[in-house]
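# Summary of the model geometry
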Amino acid sequence: MTDYQMISEFDVPVKMRDGIVLRANIYRPNREGKWPVLLHRHPYNKDNPPVSFGLYDISRAVRQGYVVIVQDTRGRFASEGEWELFSTSQQEASDTVETIRWASTLPYSNGKIGSFGESYSAFVQWAGMLHHPPELKAAAPSFSWSDPFDELIYRGGALELGFLSYWQLGMYLDTLSRIYADEQERSIALAQLISDIDQLKTEINALPLKNFAPFARNKVAPVILQHFERGMAQDDVDALSLKGKYDKFTVPTLNMAGLYDIFLQGTIENFLHMRNTGGSPEARQSKLVIGPWVHLDHSHQAGEINFGMAANVAVVDLVGLQLRWFNHFLKGMDTGFLNEAPVKLFVMGENVWRDEYKWPLARTIYTPYYLHSQGHANTLLGDGVLSTIAPDQEAADHYTYDPLNPVITKGGAIMMPPDFPGGAMDQREIESRDDVLVYTTPVLEEDIEVTGPVKVKLWASSSALDTDFVARLVDVHPNGYAQNLTDGIIRARYRNVAKGEAPSLIEPGKVYLYEIDLWATSNLFKKGHRIRLDITSSNFPRWDRNPNTGRNPGEDQAADVVIARQTIYHDAEHPSSVILPIIPRK
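For the structure given in this document, a descriptive report is provided here. (Residues numbered from 1 in each chain as written. Predicted model: local features only at pLDDT ≥ 70, side-chain atom pairs only at ≥ 80, totals over all residues. Heavy atoms only, no water.)

## Notes on helix H3 (residues 85–104)
Between its terminal C-alpha atoms H3 stretches 28 Å, which fits the 28 Å expected from 20 residues at 1.5 Å a residue. H3 sits mainly inside the fold: 16 of its 20 residues count as buried. (Helix = DSSP H or I, 4+ residues; strand = E, 2+ residues; numbered from the N terminus. Expected span 1.5 Å × (residues − 1). Buried < 20%, exposed > 50% of the residue type's maximum accessible area, 1.4 Å probe, protein only.)

## Description of helix H10 (residues 264–277)
Given 3.6 residues per turn, any residue in an α-helix points the same way as the ones three and four places further on. Taking 1.5 Å per residue, 14 residues should reach 20 Å; H10 reaches 20 Å between its end C-alpha atoms and fits that length. Of all the positions in H10, only Leu264, Gln265, Gly266, Thr267, Ile268, Asn270, Phe271, Leu272 and Met274 are classed as buried. Close packing links the buried residues of H10 with helix H4 (120–129), strand E9 (254–260), strand E10 (287–294), strand E13 (343–347) and strand E22 (512–525). (Contact = heavy atoms within 4.5 Å.)

## Focus on the pairing of strand E21 (residues 482–491)
Burial analysis of E21 places ten of its ten residues in the buried class, which makes it a mostly covered element. Counting the residues that bridge the hairpin from strand E20 (residues 468–476) to E21 gives five residues, and of these Gly480 lies at a positive phi of roughly 95°. (Pairing = 2+ DSSP bridges.)

## Quick word on the pattern of salt bridges
Tallied over the full model, the rule gives 31 salt bridges. Between Asp95 and Arg74 there is a salt bridge, and its shortest N-O distance comes to 2.8 Å. Of this pair, Asp95 sits in helix H3 while Arg74 sits in the loop between strand E4 (67–72) and H3, and the two are 21 residues apart along the sequence. This pair shows no difference in class: Asp95 is buried, exactly as Arg74 is. (Salt bridge = Lys/Arg side-chain N within 4 Å of Asp/Glu carboxyl O.)

## Quick look at the packing of aromatic side chains
Inspection of the entire model under this criterion finds 22 aromatic pairs. Plain terms: the ring middles of Trp83 and Trp167 are 6.2 Å apart, the flat faces sit at 80° to each other, and that makes the pair edge-to-face. Remark: Trp167 occurs in helix H5 (residues 161–179) and Trp83 occurs in the loop between E4 and H3; sequence separation between them is 84 residues. Note on Trp83: relative accessible area 3%, which makes it buried. (Phe/Tyr/Trp six-rings, centres within 6.5 Å; stacked < 30°, edge-to-face > 60°.)

## Some points on the sheet that holds E9
Pairing between the strands of a sheet is mediated by backbone hydrogen bonds and can be parallel or antiparallel. One open sheet accounts for four strands, arranged E9-E10-E13-E14; its pairing is mixed. Of all the strands in the sheet, just E9 and strand E14 (352–356) have a single pairing partner and so form its edges. Within the sheet, the average angular offset between the axes of one strand and its neighbour, ignoring direction, is 30°. Sheet strands in contact with helix H12 (residues 318–331) are E9, E10 and E13, and its direction is about 155° off that of E9. (Axes fitted to C-alpha atoms, helices over the stretch in contact; angles between N-to-C directions.)

## Quick notes on the sheet that holds strand E6 (residues 136–142)
The mixed open sheet is built from six strands, whose spatial order is E1-E2-E4-E3-E5-E6. Two strands in the sheet have a free side with no partner beyond their single neighbour: strand E1 (6–15) and E6. If you compare each strand with its neighbour and ignore which way they point, the axes differ by 20° on average. In this structure, strand E2 (residues 21–29) lies alongside E4, joined through four bridges in antiparallel fashion. Residue pairing for E4: Tyr27 is matched across the bridge by Val68.

In structure tokens form, the structure reads like this:
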């Protein structure tokens, strides 16, 4: 393929219909001709290295005959307007469509547009696709959410406190200049915001949430403060949600996800719905890549675990995959991509890539692993056992959940840098707490692969009117290292919301069945390892603490919390279990 030298143009204005001017950088071949355009719109400064937010090598794309445009979204950096997560999200669709149409009319454009980018940039792609711009022929929305009530803002009814706090405060380092017109006020506010970010690890412990100081005193994220106070409102996030809209999407999508990514489930959901209900034959050709990555870091290292160089994006060549994708739909080249399996998957533990034709895998054997103990499963030194044998009559396990002494977040699918690194981390410190129940299999006599969705069915009661239950799947190495794989949470009042029921408080002492969605993983539990399930009631500050009072957590005062007595049942009538998607190896 011919390589082209590159021309760069910076801060190119793009006027929206309402008069707001957005600005973009343009990179194009240095020769006469018309080329397909690849568009990347994001709020993180178009002048930053693109690999940070798009997994993209701009010069490589230009050398292969593409125009690449990177634009600051509305209200961000060089672009005019105001940005705020909820209100601006309704505008992103229009801005994306108008930018696509503008790009298609440039003198060096052939009128065919592709879009790429991850996270928020993936969201703006989906928002634009809803309006069917005819110039857009293919998209690569990576690491993207689907339902803001199951990842972006909430998870199982609990607030994504850590992610929202760290992300929103960081976003306002740029936005403050638009909030404060007076230079002196702006300087004071910026210094305060920087201090608050530095002190967030301590500040985030304060209650009540509705007076969360870093947000309140800096005038940042006002709508997030409202969510802190009123809870899981359903009336203002439709523009951020893709639920129920997939039949309206007609553009094929190349979806990329990370097993330790905060939007893993959303990316999988987007792929599945596009394959099954996408609004065109092309949309139903969408594909999925899942690697062992955390959000915004797609190297071979996720937390404390090195998954080998094969896991690195440079080795698996995600840039090349995207170019093959666009070459097919924008250049009409037969790259062979569509003849390949729709799912490319990394299996941790074995540390290999594998192609699959179905998700979940067609050969999956969903196997319940039941909780057992003699009533003393507290800590990793307790008597908790996990096995495929159904329980008979066994004593229940108990622990005390104190909202003022929560289990602290350690790794996982989080984005709270630098205070709380994500990915795989040793859980033994957490598992040494008396308010953590630990259930572990005997040493495995053969390899067991777990690939696919993981769910926990937990029979439990509480002394409180409302509370939380957290479950975590762990791979225990022969030396005792406890590698977290995936986890989930359920807030008791929201226990049946997924089934269409309204939120409701629980009756103290009454036994309920809680279904906890741990999303998905792909891991080979090797011979000599052990499978473990941890049960507790907090993972803070990733998720906000439930004060156990029955009121919304944002309404309670610092001292207005209730210590809850939690009981976990595992007997013939209450067979608590984790359902593992076992993949036969022979």
